[in-house]
Amino acid sequence: MPGYALPQASALFAAIRAVTAVAPWRHMVTPGGLTMSVAMTNCGHVGWVTDRHGYRYSETDPSNGRRWPAMPDPMRELATRAAADAGFAGFEPDACLVNYYAPGSRLTLHQDRNERDFTAPVVSVSLGLPAVFLFGGMKRSDPAHRIQLLHSDTVVWGGPQRLAFHGIAKLADGEHPLTGRCRINLTFRRAL
């Protein structure tokens with residue numbers, strides 16, 4: 001959905017700043033002990049976390065034991081509307097993973113498998129620097145399509161493709177007037 005979030009981009013960025021003031025960016029550690037190159041935080045009823053104990057959703061921020069900040073209305077409303085416009089009426093996210101990509105960071109091919117309900121779609125909003133979205137098949141070894149994402153582009157996937165492997169290629173350096181030298185991604189899910 002090219003440019004879908006453009007009318008709300010400034011409000012989304014302000015909402016992200018409010019979230020990160022309460023739940024700052026952090027580089028999580030995978031169960032294998034590797035530090036992720038993408039910095040992350042969360043908002044909503046639950047947040048996605050990873051550490052030496054595994055991947056999961058948690059009602060509290062493991063760095064401070066407090067609940068994640070509530071999902072700001074501009075974020076929730078955009079996700080619900082985008083899902084409906086893509087054919088997934090009734091989607092109400094309870095989690096938003098907020099990713100911060102600095103130049104050189106990437107996210108390897110993975111599946112979003114920690115949610116309880118795979119009938120709900122994933123809604124992904126890209127802000128800032130352009131990125132190459134990798135969208136593959138049901139196996140990590142399946143060829144991945146390379147899709148250029150620009151500021152405010154929104155991707156919604158669900159149905160048979162809900163568990164498709166996906167990721168972000170290494171982010172090229174650049175400067176964006178709203179976000180500076182980064183890409184911010186909002187990934188909305190119904191986790192519970």
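Bear in mind the structure is a predicted one, so any value in this text is a computation, not a measurement.

How each quantity is defined
Residues numbered from 1 in each chain as written. Predicted model: local features only at pLDDT ≥ 70, side-chain atom pairs only at ≥ 80, totals over all residues. Heavy atoms only, no water. Helix = DSSP H or I, 4+ residues; strand = E, 2+ residues; numbered from the N terminus. Rg over C-alpha atoms; globule rule 2.2 N^0.38 Å. Pairing = 2+ DSSP bridges. Axes fitted to C-alpha atoms, helices over the stretch in contact; angles between N-to-C directions. Disulfide = S-S within 2.5 Å. Buried < 20%, exposed > 50% of the residue type's maximum accessible area, 1.4 Å probe, protein only.

A. Structural view of the overall build of the protein chain. In terms of regular secondary structure, the protein chain is built from 2 helices and 11 strands. N-terminal to C-terminal, the α/β element order of the protein chain is α-β-β-β-α-β-β-β-β-β-β-β-β. In terms of overall dimensions, the protein chain is globule-like: its C-alpha atoms have a radius of gyration of 15 Å, near the 16 Å expected for 192 residues. Overall size of the protein chain, expressed as C-alpha extent along the three principal axes, is 35 × 35 × 35 Å.

B. Quick look at the pairing of strand β3 (residues 54-58). As paired elements, strand β2 (residues 47-51) and β3 share 5 bridges and run antiparallel to each other. The partner of Gly47 across the bridge, within β3, is Ser58. Linkage of β2 to β3, two consecutive antiparallel strands, is achieved through a turn of 2 residues.

C. How the structure looks around the sheet that holds strand β6 (residues 122-128). Spatially, 5 strands are ordered β1-β4-β11-β6-β9 in an open sheet, and the strand pairing comes out antiparallel. Here the strands that pair on one side only, and so sit at the sheet edges, are β1 (39-44) and β9 (154-157). Strand-to-strand, the axes of this sheet are offset by a mean angle of 15°, without reference to chain direction. Relative to β9, β6 is paired through 4 bridges, and the arrangement is antiparallel. Considered in β9, the bridge of Ser124 is made with Val155.

D. Geometry of the state of the cysteines. According to the stated counting rule, one finds 0 disulfides in the structure shown. Of all cysteine sulfurs, the one in Cys96 lies closest to Cys43, which takes part in no disulfide; the gap is 4.4 Å. You can call Cys96 buried: its relative accessible area is 0%.

E. How the structure looks around the pairing of β6. Buried residues dominate β6, accounting for 7 of its 7 residues. Here β6 pairs with strand β11 (residues 183-189) via 6 bridges, running antiparallel. Bridging from a neighbouring strand, Ser124 pairs with Thr187 of β11.

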